[in-house]
Amino acid sequence: MLQVGKNIVLTASVRRAVQLQCSGAVVRNVSSSGVVHASAAAQSSSDQPKPNRSFVMNLFSGKLQTAELFPYPEPLNEEQREYVQAFIDPTVKFYTEVNDAARNDATASVEKAVVDALWEQGFLGPFIPTEYGGLGLSNAQSVRLSEISGSYDLGMSIYAGAHQTIGTKGILMYGNKEQKEKYLPQLSTGRVFGAFALTEPGTGSDAASVKTKAVLSPCGKYYILNGSKLWCSGGGIANIFTTFAQTEVVDPKTGEKKNKMSAFIVERGFEGVSTGPPEDKMGIKCSVTTEVFFDDAKVPVENLLGEIGNGFKIAVNILNSGRFGLGAMLSGTMKTCVEKAAEHVSNRVQFKRKLVEFENVQEKLAMMATYHYVAQSLTYMVAGNMDKGSVDFHLEAAVSKVFCTEAAWYVCDEAIQLLGGNGFMKSSGLERFLRDMRIFRIFEGANDVLRMFIALTGIQKAGNDLRGLQKALKNPLGNMGVILAEGTKRAGRSVGVGGTDLRPFVASELQNAAKQCAESMDMFSKTIESLLVKHGKGIVERQFQLARVADSAIDIYTMAAVLSRATRASQRGLASASHELLMAQIWCQEASSRVQRNINRIHSGSFKEHYQRLAQVARNVSERRGLPHTNPLEID
């Protein structure tokens, strides 16, 4: 009988995040090949939990969930296409004729005329419904406009984006009727900026441990807030803050009092609310990042956002709902970087040959274009599925954020390398892109933390499924279907047959690429199972392995996404189809090789020793607060 270690015990903060984002549902209707059929996945009886439709989540349990993967999502009808098309030319005109990215960066500010133009064009209320004065754009529609903004000015993209997404999403998603009627018109057309205030001086990625407190006043009309928030994007210009504080909550069953985080809508004009001076940052300088202070701030009880004690879930879901937007901005940035590099290498002559004729230059340019294609594919897939009603997109959004932010850094860095000295000059605009995009790997979920979130959330789901199988084995007659399906799948995988098969879903030119992705999936799910059996609850501390688990999951999802998109291009006969097929083939070759390497490192005894050496070196450096080794001359 399959034995699984004790239940995984996560740290308090990670456990809260996992509990919030993992539905805990066990997928039903699994065929012997491990495929969760889209038609079956859509069915759910009233006494059964709805099957989780996330490709990444099911990947950890060795199940192929195709409902939100194939075919590539087409979320817009013709009317929606025409609607967003009407905003494309004005957006381009704004960034080319009104906004001045270099000036914004040099002065760390945005001119009033530029801000006025933003409001006049309606660009600051993209997600807000039209009845409240906004544009009412879908996620996919907004991605198209964010690509444009990111291709010109990431500082302005965050200046507007912090307001558009995390600054307004809380009220949009959790506000009651009165709150929406009061605040959304202000945030869409009333020239009032919103901001998201969560991070504190002692609280970063562990968002649930905020220290700001909200105490109900004796009269019961106000919450009195005390504390401060750090690095609030747009804090210097915002008049409405979605913020978070610890509140006393009474358990209705036990009467026990506990502190739980709650969300509030706080106005700058409230007594006791103030902000600090703008921070001096590496990049996105015009976004006016500040501290926010609450000194006995009086917040009316009607400004409680959502339910008391529900603040952590609200914060996490606000961030989840907007993460794809970072990929959208950076997709535009990568496009510009590729264009600048292509222009240079196609014209620059060295050693009597154009640079593009050299193979090492060809490799760089091809990989830059491919990274952009993958990032763009992820962004539109996540946004499209959200628009189609997905509620299981959290891991995919995290994958998108990690991949896109790191891909953009790679593409921009390679563009600077191809331009040589010209790329290092401010006039190219690439150095500003590089400075601006560095923060993208940190905010809205630091990539290192998101990797742990991806790995631990998926592993918890796999652990639940394995324990479900153990339970079924205790009553074999009543669960014969489940047992036979799992047994067939495991037996087939053990002898190399009956594994995952993506070939029926993809274009004929992508059969080998689909095979590479499927083999990676099978290798991955077997690895997850072995980690659970070997480490049980101790897996949470195996972060060397978890990081490689996350990287493998990211590579597999990116492979699947480009297979889906390139197949769509082929089936529709798009002019770019042959080019897209090439990039999908390139990516599956590269990514599958990385998956194999990462999984080998998870299992390798020599790498276990390698990780131990890394840990010891880190401890040595930490104890010394610097480098323990001397220079070669042995002179201090």
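Note that the structure is a prediction, hence the values are computed from the model and not measured. (Residues numbered from 1 in each chain as written. Predicted model: local features only at pLDDT ≥ 70, side-chain atom pairs only at ≥ 80, totals over all residues. Heavy atoms only, no water.)

1. A look at the overall build of the chain
Rules: Helix and strand labels come from DSSP, where a helix needs a run of H or I of at least four residues and a strand needs a run of E of at least two; each type is numbered from the N terminus. Residue contacts are defined here by distance: any two heavy atoms, one from each residue, within 4.5 Å place the two residues in contact. Note on areas: Shrake-Rupley, 1.4 Å probe, and residue coverage restricted to the protein chains presented here.
The helix and strand inventory of the chain stands at 21 helices and twelve strands. The contacts in the chain between residues at least 6 apart in sequence include a share of 76% that link residues at least 24 apart. Element-wise, carbon and sulfur atoms account for 52% of the exposed surface of the chain, whose accessible area totals about 28,400 Å².

2. Comments concerning the packing of aromatic side chains
To describe a pair of aromatic rings, you give the distance between the ring centres and the angle between the ring planes. Rules: Two rings from Phe, Tyr or Trp (for Trp, the six-membered ring) form a pair when their centres are within 6.5 Å of each other. A pair whose planes differ by under 30 degrees is stacked, one over 60 is edge-to-face, and the rest are tilted. Per-residue accessibility, obtained with a 1.4 Å probe over protein chains only, is compared with the maximum for each type, and a residue is labelled buried under 20%, exposed over 50%, and partly exposed between these values. A positively charged side chain is recorded as over a ring if its NZ (Lys) or CZ (Arg) lies within 6 Å of the ring centre. The angle to the ring normal must also be within 35 degrees.
By the definition in use, this model includes 18 aromatic pairs. The interplanar angle of 85° and the centroid separation of 5.6 Å between the aromatic rings of F403 and W587 together place this pair among those described as edge-to-face. Placement of F403 in helix α13 (residues 394–419) and of W587 in helix α20 (residues 577–603) is noted, with a sequence separation of 184 residues between them. Like W587, F403 is buried. Members of the aromatic cluster, joined through ring pairs, are F94, Y95, F123 and Y152. The ring of W409 carries the charged tip of R441 above its face, separated from the ring centre by 5.6 Å. The ring of W587 has R594 lying over it, and the distance from NZ or CZ to the ring centre is 4.9 Å.

3. A short note on the side chain of S520
For S520, the position within the fold is in helix α18 (residues 511–535). The class of S520 is buried, set by a relative accessible area of 2%. Not counting residues within four places of it along the chain, the set of residues in contact with S520 comprises I556, M559, S592 and V595.

4. Comments concerning the pairing of strand β4 (residues 213–216)
Under the convention used in this document: A pair of strands counts as paired when DSSP detects no fewer than two bridges linking them.
Bridge analysis of β4 against strand β5 (residues 222–232) gives four bridges, and the strand direction is antiparallel. Bridging across to β5, K213 finds its partner in N226. Count of turn residues in the β4/β5 antiparallel hairpin: five residues, of which G220 carries a positive phi of about 80°.

5. A few points about the pattern of salt bridges
Note the cut-off: A pairing counts as a salt bridge when a side-chain nitrogen of Lys or Arg comes within 4 Å of a carboxyl oxygen of Asp or Glu.
Per the stated rule, a full pass over the model turns up 23 salt bridges. Between R568 and E74 there is a salt bridge; the shortest N-O distance is 2.5 Å. Highlighted residues: R568 in helix α19 (residues 543–572) and E74 in the loop between β2 (64–65) and α4 (78–98), separated in sequence by 494 residues. Given a relative accessible area of 35%, E74 falls into the partly exposed group. For R594, the salt bridge identified is with D555, shortest N-O distance 2.7 Å. Residue R594 is located in helix α20, and its partner D555 is located in helix α19; the two are separated by 39 residues in the primary sequence. Take R594 and D555: they sit in the same class, and that class is buried. Here the salt bridges do not stand alone but share partners, grouping E74, R81, R568 and R572 into one network.

6. Considerations on α18
Rule in force here: Multiplying 1.5 Å by the helix residue count minus one yields the expected span of that helix.
With 25 residues, α18 extends 36 Å between its outermost C-alpha atoms, agreeing within 8% with the 36 Å of an ideal straight helix rising 1.5 Å per residue. Just beyond α18, the residue with positive phi is G536, at close to 55°.

7. Let's talk about the confidence of the model for the chain
Operational definition: Each residue carries a pLDDT value, the predictor's own confidence for that position, ranging from 0 to 100.
Averaged over the chain, the pLDDT score is 88; the fraction of residues at 70 or greater is 87%. When the criterion is pLDDT under 50, residues 1–46 qualifies, and its contacts beyond four places in sequence or with other chains add up to 104 contacts. Here residues 479–488 is a poorly scored stretch, pLDDT under 50, and it has twelve contacts once near neighbours within four places are set aside; other chains count.

8. As for the pairing of strand β3 (residues 193–197)
Counting buried positions over the five residues of β3 gives five, a clear majority of the element. Both faces of β3 are covered, namely the face carrying F193, A195 and A197 and the face carrying G194 and F196. Relative to strand β6 (residues 238–250), β3 runs parallel, the two being bridged by five bridges. From the neighbouring strand, F196 faces β6, where its bridge partner is T242.

9. So, helix α8 (residues 154–164)
Cut-off, in case you're wondering: Any pair of nitrogen or oxygen atoms within 3.5 Å is treated as a polar contact; in protein, a donor-acceptor pairing is required on top of that, and neighbouring residues in sequence qualify only through side-chain atoms on both sides.
Of all eleven residues making up α8, eleven are buried, and the element is well covered by its neighbours. For α8, the complete set of buried residues consists of L154, G155, M156, S157, I158, Y159, A160, G161, A162, H163 and Q164. The opening residue of α8, the one whose side-chain oxygen lies 3.0 Å from the backbone nitrogen of G155, is D153.

10. Quick word on the packing of α4 against helix α7 (residues 139–152)
Spelled out, the test is: Whenever a helix is involved, its axis is fitted only over the stretch in contact; in every case the axis is a line through C-alpha atoms, and angles between N-to-C directions fall within 0 to 180 degrees. Here is the rule for angles: anything less than 35 degrees is roughly parallel, anything more than 145 is roughly antiparallel, 65 through 115 is roughly perpendicular, and the remaining ranges are oblique. Crossing handedness: left-handed means the near helix sits turned counterclockwise from the far one by under a right angle, and right-handed means the same turn made clockwise. The nonpolar class holds Ala, Val, Leu, Ile, Met, Phe, Trp, Tyr, Cys and Pro. Asp, Glu, Lys and Arg form the charged class, and all remaining residues, Gly among them, are polar.
Interaxial distance between α4 and α7 falls to 9 Å at its minimum, and their mutual angle equals 15°. What the angle tells us is that α4 and α7 run roughly parallel. Remark: the crossing between α4 and α7 carries right-handed chirality. From α4, Q80, Y83, V84, F87, I88, T91, V92, Y95 and T96 reach across to α7, where they touch Q141, R144, L145, I148, S149 and Y152. Across the contact of α4 with α7, the residue classes break down as nine nonpolar, five polar and one charged.

11. Focus: unusual backbone geometry
The omega torsion of the bond from F70 to P71 falls at -10°, within 30 degrees of zero and hence cis. Tracing the sequence through the fold places P71 in the loop between β2 and α4. Although it is not a glycine, E444 sits at a positive phi angle of roughly 55°. For E444, the location among the structural elements is in the loop between α15 (430–437) and α16 (447–474). Despite not being glycine, R625 has its phi angle at roughly 60°, a positive value. Looking at the element boundaries, R625 is found in the segment after α21 (605–624).

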